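# Overview (structure and organization)
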Amino acid sequence: MLDLFADEAPWEEPLAEGAIILRRFAREEAPTLMAAVHRLARQAPFRHMVTPGGHTMSVAMTNCGMLGWSTNQHGYVYSPQDSLTGKHWPQIPTEFNAVCARASVAAGYPDFEPDACLINRYAQGTKLSLHQDKDEPNLRQPIVSVSLGLPAIFQFGGLKRSGPLKRVMLEHGDVVVWGGVSRLFYHGILPLKPGFHPLTDQFRYNLTFRKAS
Ligand code: SIN
Ligand code: FE2
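A short tour of the structure in this document, coming up. (Residues numbered from 1 in each chain as written. Chains lettered and ligands numbered in written order. Predicted model: local features only at pLDDT ≥ 70, side-chain atom pairs only at ≥ 80, totals over all residues. Heavy atoms only, no water.)

Attention shifts here to helix α2 (residues 94-107). Turn by turn, an α-helix covers 3.6 residues, leaving residues three or four places apart pointing in a common direction. Taking 1.5 Å of rise per residue, 14 residues should cover 20 Å, and α2 covers 20 Å from first to last C-alpha, within 8% of that figure. Among all positions in α2, only Phe 96, Val 99, Cys 100, Ala 103, Ser 104 and Ala 107 are buried. For α2, the buried positions fall inside an angular range of 135 degrees around the axis, keeping them on one side. Facing away from the buried surface of α2 by more than 90 degrees, the exposed residues are Thr 94 and Val 105. Just beyond α2, the residue with positive phi is Gly 108, at close to 90 degrees. (Helix = DSSP H or I, 4+ residues; strand = E, 2+ residues; numbered from the N terminus. Expected span 1.5 Å × (residues − 1). Buried < 20%, exposed > 50% of the residue type's maximum accessible area, 1.4 Å probe, protein only. Arc of directions from axis to C-beta.)

Next comes the structure, spelled out in structure tokens:
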């Protein structure tokens, strides 16, 4: 794939109050991050979770950290154990923590201390419907989201699901950070277009760091 931006330095793009896109921010460490994703997936495999409403999610997910996000019949929960393996979620790899810390500082949230990292894997046609990240008790802490591999269109709205949406393309190495006023803003991912990325094949991966305790 011809990469017109390969040599370009990262740049910042404001998204909303409290929210910023750090373009290409994680590009250099992306191979290390992906190696860690594959390592983690051997301990805590990607799976399609079932929503409380009975829908199987098209995005495949796994977690690392003290707590991991998952679904059950009653709702959405953070728990220390992976219900698939019965084991604790693997620790957040140091490479993950390093990029998250760098991004938090760059975005103006230097005190962010994540204890959960959700890893999403999108295949062709996979989407994530509009939602709020509201299962975390401490809403003063932001969300840090790292995009790897194939590009996808990210929708970012406001506090109401029906409000106007911004649509931005998130590409390999882009990091989005939202907190403060925009911490509970609705967001989602439109269906992934087919493609091939040298580092991630036919997939897009996303790491979202949260403080879940
Ligand atoms: C999420 O909202 O949890 C993930 C967003 C993304 O995949 O970029
Ligand atoms: Fe989210």
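What surrounds ligand 1 is the set Asn 120, Tyr 122, Leu 128, His 131, His 187, Ile 189, Arg 204, Asn 206, Thr 208 and Arg 210. Tyr 122 has a polar side-chain atom sitting 2.5 Å from an oxygen atom of ligand 1. Asn 206 is positioned such that a nitrogen or oxygen atom in its side chain is 3.2 Å from an oxygen atom of ligand 1. When ligand 1 is considered free in solution it has 260 Å² of accessible area, and contact with the protein chains removes 99% of it. The pocket occupied by ligand 1, as judged from atoms lying within 2 Å of grid points, is the largest pocket. Elements with a contribution of two residues or more to the shell around ligand 1: β6 (116-122), β7 (128-131), β12 (187-189) and β13 (204-210). Of the residues forming the shell around ligand 1, the biggest block, 4 residues, is contributed by β13. Of the residues contributing to the shell around ligand 1, the split by class is 3 nonpolar, 5 polar and 2 charged. (Near = heavy atom within 4 Å. Polar contact = N/O pair within 3.5 Å; in protein donor to acceptor, adjacent residues only side chain to side chain. Areas by Shrake-Rupley, 256 points an atom, 1.4 Å probe, with all protein chains shown as cover. 1 Å grid on protein atoms, 1.4 Å probe; cavity = no way out; pocket = protein on both sides within 12 Å on 5 of 7 lines; lining within 4 Å. Sits in = over half its atoms within 2 Å of the grid points. Nonpolar A, V, L, I, M, F, W, Y, C, P; charged D, E, K, R; others polar.)

Taken as a whole and assessed by the stated rule, the structure comprises 8 aromatic pairs. Relative to Tyr 76, the ring of Trp 69 lies with its centre 5.3 Å away and its plane at 15 degrees, an arrangement referred to as stacked. Judged by its relative accessible area of 9%, Trp 69 falls in the buried class. Take Tyr 76: its relative accessible area is 39%, and that puts it in the partly exposed class. In this structure, Arg 121 is placed above the aromatic ring of Phe 46, and the distance from its NZ or CZ to the ring centre is 4.7 Å. A cation over an aromatic ring shows up here: Arg 121 above the ring of Phe 203, its NZ or CZ 4.9 Å from the ring centre. (Phe/Tyr/Trp six-rings, centres within 6.5 Å; stacked < 30°, edge-to-face > 60°. Lys NZ or Arg CZ within 6 Å of the ring centre and 35° of its normal.)

A sheet is described by the order of its strands in space; here 4 strands give the open sequence β7-β12-β9-β10, paired in antiparallel fashion. On the outer flanks of this sheet lie β7 and β10 (166-170), each paired with one strand and no other. Going from strand to strand, the sheet's axes swing by 20 degrees on average, the running direction of each strand aside. (Pairing = 2+ DSSP bridges. Axes fitted to C-alpha atoms, helices over the stretch in contact; angles between N-to-C directions.)

Right, let's talk about the coordination of the iron ion (ligand 2) for a bit. Note on the iron ion (ligand 2): its protein donors are His 131 (NE2), Asp 133 (OD) and His 187 (NE2). The metal-donor distances range over 2.1 to 2.2 Å. Around the iron ion (ligand 2), the 4 donor atoms are arranged such that angles at the metal cover 89 to 175 degrees; this shape is classified as irregular. Taking the relative accessible area as the measure of exposure, His 131 reaches 21% and is therefore partly exposed. (Donors = N, O, S within 2.8 Å, 3.2 Å for Na, K, Ca; no water. Tetrahedral: all angles 85-135°; square planar, octahedral: opposite > 155°, others 65-115°.)

The next thing to look at is the pairing of β13. Most of β13 sits out of view: 7 of its 7 residues are buried. Neither face of β13 is open: one carries Arg 204, Asn 206, Thr 208 and Arg 210, the other Tyr 205, Leu 207 and Phe 209, and all of them are buried. Pairing of β6 with β13 involves 7 bridges; the strand directions are antiparallel. Residue pairing in the sheet places Asn 120 in a bridge with Asn 206 of β13.

Function cannot be inferred from these measures alone, as they are strictly geometric.
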